[in-house]
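# Chains, contacts and geometry: an overview
Chain by chain, the residues:
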Amino acid sequence: LFSIPFQLTTLIVSNLFLAQGEIKRSNYIDLLNQSFVVINPVIALVIFGGGLVLLLSMNLVAAAGVSLATSVLLYRYIAAEDLGARWRGDLGLLKKMLVYALKGHVFWAATMVMLRIDVVILNSFRGPVEAAVYGVATQYTLFLMLLPNVVANLMLQRVASSPEKAGEFSSMAARHVALSLFIACLLSIPGAYLLPLAYGPEFIGAPALVWILLPGVFFWGVQLTMVQYFVGTGLPIVIPALWVATLAINILLNLAFIPRFGAEASAAASTVCYFLIFVAIFIYFRKDTGSSLRDILICDADDLRNLRGILRIGKVS
């Protein structure tokens with residue numbers, strides 16, 4: 001609990017840099033912060049042979065240190081960019097931030113719960129073994145979400161700073177993600193066969209769960225890109241409301257079918273709900289931007305040329 005304010009400070013500073021287009025600084029902060037996830041357990045558990053109390057204490061110290069370092073970095077950046085800047089409170093801005101944050105909290109909390117509640121329900125009704133198999137399958141598919149998550153983070157600054165072009169830019173990003181994610185899903189299919197080899201014969205059912213989840217992962221990734229349009233242009237209340245409604249459907253489906261059909265039902269429920277939220281977000285996205293389904297799913301010749309340029313030289317030609 002003591003570490004949470006420090007972690008939030010680091011997260012805010014990282015995103016402030018991201019909003020200014022300072023992607024390298026944001027990445028350095030994230031790299032520094034995440035490095036202690038590996039370093040601290042090695043020191044606390046392996047070198048000193050301590051327990052969770054020592055590990056958590058080291059995590060608190062690391063969180064405070066990273067928070068202080070990133071705050072100093074931000075202060076120096078602001079001082080260098082605007083020597084006449086004056087530090088003062090702004091209650092009007094704080095009110096806007098809190099209203100936006102409340103909507104965002106509901107939105108992101110519903111997202112996180114939807115990704116985890118099925119494992120909890122499955123464990124309750126079918127036991128830890130089946131829940132573990134399903135958990136491994138979901139973790140495998142979540143690796144595919146790294147691409148749309150990175151794209152979403154980078155999109156936010158562009159969308160928020162250019163609202164007049166946000167719809168066109170978001171559509172372009174969505175269809176690039178759709179193509180890349182479709183290829184990634186296809187390539188991940190044979191890799192699912194390795195899960196029983198890595199985890200043991202008890203996980204023989206994991207590949208089938210992966211295949212059931214893959215269509216849902218594809219639609220989840222595309223909607224994650226589209227939804228940045230709304231996140232960057234004010235986050236209307238209908239977006240978190242849609243997520244809460246989809247979460248409720250997900251819980252009902254899991255409670256109805258997991259007791260009888262187990263992990264396969266949970267995977268199917270997830271895919272159905274991921275598709276539903278994609279449809280819901282697309283309807284509102286189309287209403288605001290006029291983009292068609294083709295605009296967000298199918299790359300044209302120019303898109304393919306740009307994508308080839310990205311792969312060749314690391315930037316859009």
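A brief report on the enclosed structure follows. (Residues numbered from 1 in each chain as written. Predicted model: local features only at pLDDT ≥ 70, side-chain atom pairs only at ≥ 80, totals over all residues. Heavy atoms only, no water.)

## Structural notes on the overall build of the protein
- The helix and strand inventory of the protein stands at 13 helices and 0 strands.
- Residues counted as buried form 38% of the 317 residues belonging to the protein.
- Here the contacts in the protein between residues at least 6 apart in sequence split such that 76% fall between residues at least 24 apart.
- For the protein, the accessible area works out to roughly 18300 Å², and carbon and sulfur atoms hold 70% of it.
- With 21 positive and 16 negative side-chain charges, the protein shows a spacing of 4 Å between the two charge centroids. (Helix = DSSP H or I, 4+ residues; strand = E, 2+ residues; numbered from the N terminus. Buried < 20%, exposed > 50% of the residue type's maximum accessible area, 1.4 Å probe, protein only. Contact = heavy atoms within 4.5 Å. Areas by Shrake-Rupley, 256 points an atom, 1.4 Å probe, with all protein chains shown as cover. Lys, Arg positive; Asp, Glu negative; His and termini not counted. Charge placed at Lys NZ, Arg CZ, Asp CG, Glu CD.)

## Remarks on the nonpolar core
- Grouped together as the largest cluster of nonpolar side chains are 61 residues, with contacts concentrated most on Met226, Ile239, Trp243 and Ile281.
- Of all the secondary structure elements, the ones that give two or more residues to this core are helix H4 (91–126), helix H5 (128–142), helix H6 (146–161), helix H7 (166–191), helix H9 (206–232), helix H10 (238–261) and helix H11 (263–289).
- In this structure, Met226 is in contact with Ala174, Phe278, Ile281, Phe282, Phe285 and Ile296, ignoring residues within four places of it in sequence.
- In terms of nonpolar packing, the next biggest core, distinct from the first, is built from 5 residues, Val13, Ile29, Leu74 and Tyr77 among them. (Core = buried A, V, L, I, M, F, W, Y, C linked by side-chain atoms within 4.5 Å.)

## Quick look at the packing of aromatic side chains
- Applying the stated criterion to the full structure yields 17 aromatic pairs.
- Arranged with centres 5.0 Å apart and planes meeting at 75 degrees, the rings of Phe219 and Phe275 form a pair that is edge-to-face. Here Phe219 is found in helix H9, whereas its partner Phe275 is found in helix H11, with 56 residues between them in sequence.
- Judged by relative accessible area, which is 38%, Phe275 ranks as partly exposed.
- Seen from their ring centres, Phe278 and Phe282 are 6.4 Å apart, and the 10 degrees between their planes marks the pair as stacked. Pair noted here: Phe278 and Phe282 are both in helix H11, with a separation of 4 residues, about one helical turn. Exposure class is identical for Phe278 and Phe282. Each is buried.
- Through successive ring pairs, a cluster of aromatic residues spans Phe182, Phe218, Phe219, Phe275, Phe278 and Phe282. (Phe/Tyr/Trp six-rings, centres within 6.5 Å; stacked < 30°, edge-to-face > 60°.)

## Examining the pattern of salt bridges
- Counted according to the given criterion, the structure contains 2 salt bridges.
- In this structure, Glu22 and Arg25 form a salt bridge, with 2.7 Å as the shortest nitrogen-oxygen distance.
- Residue class for Glu22 comes out partly exposed when judged on its relative accessible area of 23%.
- As a salt-bridge pair, Arg126 and Glu130 come within 3.0 Å of each other at their nearest N and O atoms.
- Classification of Arg126 by relative accessible area gives partly exposed; the value is 34%. (Salt bridge = Lys/Arg side-chain N within 4 Å of Asp/Glu carboxyl O.)

No statement about biological role is implied by the geometric values presented.
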